[in-house]
Amino acid sequence: MIRSDTLALIGNTPLVRLAGPSAATGCDIYGKCEFYNPGASVKDRAALGIIEDAEARGLIGPGGTIVEGTAGNTGIGLALVGNAKGYKTIIVMPETQSREKMDTLRALGAELVLVPAAPYASPQHFVHTSRRIAEETPGAFWANQFDNVANRHVHIRTTAEEIWEQMGGQIDGFTCAVGTGGTLAGVGMGLKAHDPSVTVALTDPHGAALFSFYECGELKAEGNSVAEGIGQGRITANLDGAPIDMQFRISDAEGLALVHELLRDEGLCLGLSSGINVAGAMALARRLGPGKRIVTILCDTGFRYLSTLHNPEWLAAKGLAVPDWRQRG
Ligand code: PMP
């Protein structure tokens with residue numbers, strides 16, 4: 001199929017049936033291959049949705065500059081959308097994110113501002129830094145992915161519709177982790193609009209506060225995670241009102257084991273948020289019982305983490321399990 005331009009490559013990603021996780025649970029577990037997007041992550045959708053919405057509202061125009069704080073993937077999406085539309089892009093990112101994301105942003109021509117990892121309450125946090133830069137830059141538009149609901153609207157309009165159609169309306173459950181909450185809330189709302197009996201579950205990594213919020217109404221984090229792009233400590237505007245029926249908490253060890261198994265056994269090279277999502281989908285499958293059809297998100301490509309998740313030295317230094325076939329050299 002010929003698409004009309006780069007932006008038309010965003011979305012319409014395939015679903016893949018995950019053989020190992022399906023066999024282990026007696027369910028059919030499907031992953032939405034968001035690494036097929038031109039920026040290789042689910043965040044291309046939010047980037048395009050936010051910029052098209054800003055254009056429609058007259059918030060950005062010719063010669064404009066997009067400014068955003070991001071764990072990296074939204075920045076890559078915004079930079080490619082910006083290049084395709086003729087906008088400059090300034091990206092503020094914590095310095096703890098993968099080297100590959102920084103190199104990709106520089107290759108796209110984005111101006112990269114690295115800040116130390118800081119709690120949300122600190123003025124140094126990447127979100128607040130990006131808002132300040134936007135305020136100080138003439139002609140700038142602050143994308144504000146966490147609290148700009150154009151983010152979840154694009155998932156209601158596109159991701160949820162695609163999943164519903166690809167599953168032929170036969171879907172029992174959906175789950176994914178939260179960065180901004182755009183994907184979980186948007187897909188959850190979109191699927192429930194078709195069929196309110198679809199179970200929507202939150203998959204939360206350690207170090208995030210949402211599991212305890214949906215469990216007992218209290219935002220409380222436990223443990224920590226090296227997963228990039230997920231792990232939220234507050235109810236963002238995108239998450240507010242999300243139709244969440246149940247919640248699971250997944251460790252890095254569980255998620256990473258699935259990342260490595262899917263690579264070894266199925267040839268799928270994924271990032272850790274995808275592994276955590278698949279672990280969440282398996283927990284949901286076990287909760288719902290055999291024979292159910294469950295969908296999750298494969299958020300980004302593992303080629304973005306060759307220096308970390310797929311690097312034995314990095315894994316060993318972090319005290320994480322090195323897959324035995326890599327130990328053999
Ligand atoms: N996984 C990765 C790798 C991401 O970069 C993000 C976005 N921060 C997510 C998952 C979560 O997506 P969302 O922002 O829609 O919650």
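By the naming in an unreviewed UniProt entry, the chain is Cysteine synthase A, taken from Sphingomonas changnyeongensis. Quoted straight from UniProt, the Cofactor (unreviewed entry) entry for the chain says "pyridoxal 5'-phosphate". Under the UniProt heading Pathway (unreviewed entry), the entry covering the chain gives this text: "Amino-acid biosynthesis."

(A) Seen up close, the UniProt feature "domain: Tryptophan synthase beta chain-like PALP" (unreviewed entry) in the chain. When the UniProt feature table is mapped onto this chain, "domain: Tryptophan synthase beta chain-like PALP" (unreviewed entry) is found at residues 9-300. Along residues 9-300, the helical share is 42% and the strand share 17%, with 15 Å between the first and last C-alpha atoms.

(B) Geometry of the sheet that holds strand β2 (residues 28-33). One open sheet accounts for six strands, arranged β1-β2-β10-β7-β8-β9; its pairing is mixed. Of all the strands in the sheet, just β1 (15-17) and β9 (246-250) have a single pairing partner and so form its edges. For this sheet the average axis-to-axis angle between neighbouring strands, irrespective of direction, equals 25°. One ladder, built from four bridges, connects strand β7 (residues 173-176) with strand β8 (residues 199-205); its direction is parallel. Directly across from Phe174, in β8, lies its bridge partner Val200. Against the sheet, helix α7 (residues 182-194) contacts β7, β8 and β10 (293-298), and its axis sits at roughly 170° relative to β7. Docked against the sheet, helix α10 (residues 272-288) engages β2, β7, β8, β9 and β10, running at close to 165° with respect to β10.

(C) Representation of the nonpolar core. Within the largest apolar cluster, 59 residues are counted, with the highest numbers of intra-cluster contacts made by Ile29, Ile163 and Leu191. Per-element accounting of this core gives the leading share, nine residues, to α10. Residues in contact with Ile29, not counting those within four places in the same chain, are Leu18, Pro21, Ser22, Ala281, Met282, Ala285 and Ile294. Counting 32 residues, the second-largest nonpolar core is a separate cluster that includes Ala54, Ala134, Phe141 and Val149.

(D) Just the site of the ligand, in detail. In the vicinity of the ligand, 19 residues are found, and the nearest of them are Gly179, Thr183, Gly229, Ser273 and Cys299. Looking at the shell around the ligand, its residues break down into six nonpolar, ten polar and three charged. A domain-level breakdown of the shell around the ligand finds at least three residues from each of domain 1 (7-38 + 158-323) and domain 2 (42-146).

(E) The packing of helix α2 (residues 43-56) against helix α6 (residues 150-166), seen in detail. Orientation of α2 relative to α6, taken along the N-to-C sense of each, is 115°, at an axis distance of 8 Å. The orientation of α2 with respect to α6, classified from their angle, is roughly perpendicular. Crossing of α2 against α6: the hand is right-handed. Across the interface between the two elements, Arg45, Ala46, Leu48, Gly49, Ile50 and Asp53 from α2 touch Ala150, Asn151, His153, Val154, His155, Thr158 and Thr159 from α6. For the contact of α2 with α6, the class distribution of residues is five nonpolar, six polar and two charged.

(F) The pairing of β8, seen in detail. Of all seven residues making up β8, seven are buried, and the element is well covered by its neighbours. A two-sided burial pattern is seen for β8, the buried positions comprising Thr199, Ala201, Thr203 and Pro205 on one face and Val200, Leu202 and Asp204 on the other. Between the parallel elements β7 and β8, the chain passes through α7 in a crossover that is right-handed. The sheet contact formed by β8 and β9 spans five bridges and is parallel.

(G) The arrangement of the confidence of the model for the chain in detail. Residues at a pLDDT of 70 or more form 99% of the chain, whose mean pLDDT is 97. Listed scores for the predicted complex are pTM 0.97 and ipTM 0.99.

Cut-offs and rules
- Residues numbered from 1 in each chain as written.
- Predicted model: local features only at pLDDT ≥ 70, side-chain atom pairs only at ≥ 80, totals over all residues.
- UniProt positions renumbered as here; feature names shortened; annotations may be inferred.
- Helix = DSSP H or I, 4+ residues; strand = E, 2+ residues; numbered from the N terminus.
- Pairing = 2+ DSSP bridges.
- Axes fitted to C-alpha atoms, helices over the stretch in contact; angles between N-to-C directions.
- Contact = placed C-beta atoms within 7 Å.
- Core = buried A, V, L, I, M, F, W, Y, C linked by C-beta atoms within 7 Å.
- Buried ≥ 20, exposed ≤ 12 C-beta atoms within 10 Å, placed from the backbone.
- Near = placed C-beta within 6 Å.
- Nonpolar A, V, L, I, M, F, W, Y, C, P; charged D, E, K, R; others polar.
- Domains from an automatic or database assignment.
- Parallel < 35°, antiparallel > 145°, perpendicular 65-115°, else oblique.
- Left-handed = near helix turned anticlockwise from the far one by under 90°.
- Right-handed = clockwise from strand over helix to strand, strands pointing away.
- pLDDT = per-residue confidence, 0-100.

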